[in-house]
Amino acid sequence: GWRMANYAGELSDLQRVVSFVETDLGCNVACIIGHSKGSVAVLQYAQQQSLKNQSAADEKGNCCFVNLSGRYTSRGNFDPKTIFTEAQIKTLAEKGSFKLKSPGGRVLDVTAEDIDERANLEMSFVSNISQRVLTIHGDADTTVDVDSAYTFDDKIPKHSLKVIPNADHNFNGLRYLREIVSAIADFVV
């Protein structure tokens, strides 16, 4: 199930999905897209592909990667005292976890380990990605500052950046969908 951090588990899930699509379905994966926290697994996977034999990656059609509203670092940006209520922090201290209702209505367990892992998110590994990466970010994102997008642009060697004016963290629902799809389609080809 969902956890606040669990980056290794999400990378493992992504690896299994790509393997299933390529092996069981016999399809080529042309592009992998992650949004927000999901961008971590996508960029970790891109780094793994970069470490593999480049000619093997070429044979698979040069998969590219898209980072939508991804966070470069949580250090200084993720303080549990400002994100969670006093009651949640107290329950965490007493019981080792607390329940959090997601925007979708699911009830999730949050542990101290997840909070620590999330608070210490470090993405410096992205400078080792040799695959093509596109970052799309809204300049009105109050969840993940647009500065993260500029940092990815600076750190990833084969990087393209699209900043969408007035778009928030979720790109204002469907408002910018055509612009996002167009940017990704142009990038994939």
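Residues numbered from 1 in each chain as written. Predicted model: local features only at pLDDT ≥ 70, side-chain atom pairs only at ≥ 80, totals over all residues. Heavy atoms only, no water.

Here we look at the packing of helix α1 (residues 7-24) against helix α2 (residues 38-51)
Here's step 1: Contact pair α1 / α2: the axes reach a minimum separation of 9 Å and the direction vectors enclose 65 degrees. You can see that α1 and α2 cross each other, and the crossing is right-handed. Between α1 and α2, the contacting residues are Tyr7, Glu10, Leu11, Leu14, Gln15 and Val18 on the first element and Val40, Ala41, Val42, Gln44, Tyr45 and Gln48 on the second.
Here's step 2: Split by residue class, the contact of α1 with α2 holds eight nonpolar, three polar and one charged. (Axes fitted to C-alpha atoms, helices over the stretch in contact; angles between N-to-C directions. Helix = DSSP H or I, 4+ residues; strand = E, 2+ residues; numbered from the N terminus. Left-handed = near helix turned anticlockwise from the far one by under 90°. Contact = heavy atoms within 4.5 Å. Nonpolar A, V, L, I, M, F, W, Y, C, P; charged D, E, K, R; others polar.)

Details of the packing of aromatic side chains
Centre-to-centre distance and the angle between the planes together describe a pair of aromatic rings.
Here's step 1: In the structure shown here, the tally under the stated rule is three aromatic pairs.
Here's step 2: Considering the side-chain rings of tyrosine 45 and phenylalanine 65, the 6.2 Å spacing of their centres and the 55 degrees angle between planes classify their relative orientation as tilted. With tyrosine 45 in helix α2 and phenylalanine 65 in strand β2 (residues 64-68), the pair connects residues that are 20 residues apart, well separated along the chain. Just as tyrosine 45 is buried, phenylalanine 65 falls in that class too.
Here's step 3: Ring centres of tyrosine 72 and phenylalanine 152 lie 5.5 Å apart, and the angle between their planes is 75 degrees; this geometry places the pair in the edge-to-face category. Within this pair, whereas tyrosine 72 is found in the loop between β2 and α4 (80-83), its partner phenylalanine 152 is found in helix α7 (residues 147-155), the two being separated by 80 residues in sequence. (Phe/Tyr/Trp six-rings, centres within 6.5 Å; stacked < 30°, edge-to-face > 60°. Buried < 20%, exposed > 50% of the residue type's maximum accessible area, 1.4 Å probe, protein only.)

Description of a nonpolar patch on the surface
Here's step 1: Judged by side-chain polarity, Leu174, Leu177 and Val181 come together as a nonpolar surface patch covering roughly 310 Å² of accessible area.
Here's step 2: You can see leucine 174 is positioned in the loop between β6 (159-164) and α8 (177-188). (Patch = residues over 30% accessible without salt bridge, like charges linked within 9 Å, V, L, I, M, F, W, Y side chains within 5 Å. Areas by Shrake-Rupley, 256 points an atom, 1.4 Å probe, with all protein chains shown as cover. Salt bridge = Lys/Arg side-chain N within 4 Å of Asp/Glu carboxyl O.)

Re the sheet that holds β2
Here's step 1: Taking strand neighbours across the sheet as the criterion, the four strands line up as β1-β2-β5-β6 in an open arrangement whose pairing is parallel. The open sheet has two free edges, formed respectively by β1 (31-35) and β6, since each of these has just one partner strand. Across this sheet, the average inter-strand angle for adjacent strands is 15 degrees, counted without regard to direction.
Here's step 2: One ladder, built from five bridges, connects β1 with β2; its direction is parallel. When the sheet's bridge partners are listed, glycine 34 is paired in β2 with asparagine 67.
Here's step 3: Relative to the sheet, α7 contacts β2, β5 (133-138) and β6, its axis offset from that of β6 by approximately 165 degrees. (Pairing = 2+ DSSP bridges.)

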